[in-house]
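Overview (structure and organization)
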Amino acid sequence: MTTEVRRLRNYINGEFRDAADGRTIDVINPVTEEVYATSPLSGQADVDAAMDAAAAAFPAWRDATPAERQKALLKIADAFEERAEDLIAAESENTGKPLELTRTEEVPPMVDQIRFFAGAARLLEGRSAGEYMEGLTSIIRREPVGVCAQVAPWNYPMMMAVWKFAPALAAGNTVVIKPSDTTPASTVLIAEIIGQILPKGVFNVICGDRDTGRAMVEHPTPAMASITGSVRAGMQVAESASKDVKRVHLELGGKAPVVVFEDTDIAKAVEGISVAGYFNAGQDCTAATRVLVHESIHDEFVTALAKAAADTKTGQPDDEDVLYGPLNNANQLKQVSGFIERLPAHAKVEAGGHRVGDKGYFYAPTVVSGLKQDDEIIQNEVFGPVITVQKFTDEAQAVEYANGVEYALASSVWTKDHSRAMRMSKNLDFGCVWINTHIPLVAEMPHGGFKKSGYGKDLSAYGFEDYTRIKHVMTSLDG
């Protein structure tokens, strides 16, 4: 039976259209490895059209009252709920994710995050107006930055689109967003939903590859470029944006340490860590994939973690018993497999370490022990269902190992000792520290890292403020 290949289209200035030169990209379903759609391979003409549309729409959207922008975002949230099953189906086809987990773990937070930013639109903050010099009153204005060029990743294409457009729109900016070339379907559907609510030109979607994204960032119109992606991509964006001093927002890679002390409840820790490590096939910058265990419980912990891995299931999207689906694409399967194939002789694969089946990019839940701090798999992001385990002797060594990578996005500490947990949260050089849990996120709290994990915050009032600029107005009291 031949599946009909759907044609996805750009959304520019309130209408769907093909790439100006007609070029397309095949979009692959990672479960079947078959082409299920084509999407535009947008070039400079398409980028120009989208930026022109966003620039033309900006003055009116900027001048809309916070209440008007809030009302629009609340309508978008309601529409997401109404179209939830369509969004779930598109996202699963994009990524191979389990349908039920997408329904319960992604759609509700997305809707909540849009509603949070709807409220944030009406809570613009600044210093108190006052006379800081005799006879003169100073006022702070918080304004939108302008047109925002946004590039979303393939691991959470739908949710990351929300993290980008919701704060930008709430603050009064207009948006041109590009989904990954492997996962455009849900973002194009989002455009269809949002297009029923927002004025034309306020929200635009262009599909394409790295060259499309580069053209967006280098375009003179955007005042800000935002990307969620690899460190390499982030560095390229920062370099391109520097040429005309654009503001840049980067959420890049991670290599989250999971520090397990000897007093922890091993069963509880293994349960939480295995879920946080394997959820979404480990394709999460905050995934619990680099475990550091006190030497006194190391062997017991590794045995329990290997058992949890063996009990974790990957498989088809409609199987409600699976925790995760396939890796996103053939290149990612090759990358994950390569890390395991290149393991040093002192490493031991305790569970998994192989592809599952011969169709689809499925990879077994994997545990690797016996590793050293300078091993490739410790220092670099695998972005797959692979959990590594190292030993440490004391708290100082745990901090040394945890901080001893170039990434600094997220981390967790597992202990019953409150004082130790507080010391660790101070000493861990990461944008988030979880204690006796790993991976929960809430709209009210910031998400973002340090070092090569990038800069700028997603979610929270901090994320909202990243899409604003500050203006000082001073007026004479003498008329």
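Quick notes on the rules
- Residues numbered from 1 in each chain as written.
- Predicted model: local features only at pLDDT ≥ 70, side-chain atom pairs only at ≥ 80, totals over all residues.
- Heavy atoms only, no water.
- Axes fitted to C-alpha atoms, helices over the stretch in contact; angles between N-to-C directions.
- Helix = DSSP H or I, 4+ residues; strand = E, 2+ residues; numbered from the N terminus.
- Parallel < 35°, antiparallel > 145°, perpendicular 65-115°, else oblique.
- Left-handed = near helix turned anticlockwise from the far one by under 90°.
- Contact = heavy atoms within 4.5 Å.
- Nonpolar A, V, L, I, M, F, W, Y, C, P; charged D, E, K, R; others polar.
- UniProt positions renumbered as here; feature names shortened; annotations may be inferred.
- Buried < 20%, exposed > 50% of the residue type's maximum accessible area, 1.4 Å probe, protein only.
- Core = buried A, V, L, I, M, F, W, Y, C linked by side-chain atoms within 4.5 Å.
- Expected span 1.5 Å × (residues − 1).
- Salt bridge = Lys/Arg side-chain N within 4 Å of Asp/Glu carboxyl O.
- Pairing = 2+ DSSP bridges.

An unreviewed UniProt entry lists the protein under the name Gamma-aminobutyraldehyde dehydrogenase, with Streptomyces sanglieri given as the organism.

As a packed pair, helix H10 (residues 266-278) and helix H11 (residues 298-311) sit with axes 10 Å apart at the nearest point and diverge in direction by 50°. As summarised for this structure, H10 and H11 are arranged oblique, according to the angle between their axes. By crossing handedness, the relation of H10 to H11 is classed as right-handed. Two secondary-structure elements touch here, H10 through Ile-266, Ala-269, Val-270, Ile-273, Ser-274 and Tyr-278 and H11 through Glu-300, Phe-301, Ala-304, Leu-305, Ala-308 and Ala-309. Taken together, the residues of the contact of H10 with H11 sort by class into 10 nonpolar, one polar and one charged.

Annotation from UniProt places "domain: Aldehyde dehydrogenase" (unreviewed entry) at residues 19-473. The span residues 19-473 carries 40% helix and 21% strand; its end-to-end C-alpha distance comes to 44 Å.

Residue placement: Ala-281 occurs in the loop between H10 and strand E14 (290-294). Residue classification places Ala-281 among the buried residues on the basis of a relative accessible area of 1%. With residues up to four places along the chain from it excluded, the contact list for Ala-281 reads Tyr-324, Gly-325, Pro-326, Leu-327, Phe-383, Gly-384 and Pro-385.

Moving on: the packing of helix H8 (residues 210-218) against helix H9 (residues 231-242). Look at H8 against H9: their axes get within 9 Å of each other, and the N-to-C directions meet at 35°. Pair H8 / H9 crosses with right-handed handedness. Residues Arg-210, Arg-214, Val-217 and Glu-218 of H8 form the contact with H9, whose participating residues are Arg-232, Gln-236, Val-237, Ser-240 and Ala-241. For the contact of H8 with H9, the class distribution of residues is three nonpolar, two polar and four charged.

If you look at the biggest cluster of nonpolar residues, it comprises 93 residues, and the most contacted ones within it are Phe-80, Phe-165, Phe-203 and Phe-301. It is helix H6 (residues 157-170) that contributes the most residues to this core, 11 residues altogether. What Phe-165 contacts, discounting residues up to four positions off in sequence, is Ile-76, Phe-80, Ile-114, Gln-150, Val-175, Ile-190, Ile-194 and Phe-203.

Glancing now at helix H2 (residues 66-82). The end-to-end C-alpha distance of H2 is 24 Å, a good match for the 24 Å that 17 residues give at a rise of 1.5 Å each. Tucked inside the fold, the buried residues of H2 contact helix H1 (44-63), helix H3 (84-95), helix H5 (107-120), H6 and helix H7 (185-194).

What follows concerns the pattern of salt bridges. Scanning the model with the defined rule gives 30 salt bridges in all. Salt-bridge contacts for Glu-81 lead to Arg-115; the nearest nitrogen and oxygen are separated by 2.9 Å. Here Glu-81 is found in helix H2, whereas its partner Arg-115 is found in helix H5, with 34 residues between them in sequence. Given a relative accessible area of 30%, Arg-115 falls into the partly exposed group. A single network of salt bridges, built from pairs that share partners, joins Glu-262, Asp-263, Glu-395, Arg-420 and Arg-423.

The seven strands lie next to each other as E15-E16-E17-E14-E13-E19-E20, forming an open sheet whose pairing is mixed. Every other strand in the sheet has two partners, leaving strand E15 (348-351) and strand E20 (432-435) as the edge strands with one partner each. Direction aside, neighbouring strands of the sheet carry axes that sit 25° apart on average. Direction of pairing for E15 relative to strand E16 (residues 366-369): antiparallel, over a ladder of three bridges. Among the inter-strand pairings, Val-349 is bridged to a residue of E16, identified as Val-368. Together, strand E13 (257-260), E14 and strand E17 (386-392) form the strand contacts of helix H14 (residues 395-403), whose direction differs from that of E17 by roughly 145°.

The next point concerns the pairing of strand E6 (residues 130-133). By the bridge criterion, two bridges tie E6 to strand E7 (residues 136-144) in an arrangement that is antiparallel. When the sheet's bridge partners are listed, Met-133 is paired in E7 with Leu-136. Counting the residues in the hairpin turn of E6 and E7 gives two residues, including Gly-135, whose phi is positive at 85°.

Turning our attention to the sheet that holds E6. Backbone hydrogen bonds hold the strands of a sheet together, and the pairing may be parallel or antiparallel. Pairing in this open sheet of three strands is antiparallel, and the strands run E6-E7-E23 from one edge to the other. Edge positions in the sheet fall to E6 and strand E23 (468-476), since each of these pairs with one other strand and no more. Along the sheet, successive strands turn relative to each other by an average axial angle of 45°, direction set aside. Pairing of E7 with E23, which is carried by nine bridges, proceeds in the antiparallel orientation. Bridging across to E23, Ile-139 finds its partner in Val-473.

For the rest of this paragraph, the subject is H6. An α-helical turn contains 3.6 residues, so any two residues separated by three or four positions project in the same direction. Between its first and last C-alpha, H6 extends 20 Å over 14 residues, near the 20 Å set by a 1.5 Å rise per residue. Where burial is concerned, most of H6 is hidden: 14 out of the 14 residues are buried. One or two steps after H6, the chain reaches Gly-172, where phi turns positive at roughly 100°.

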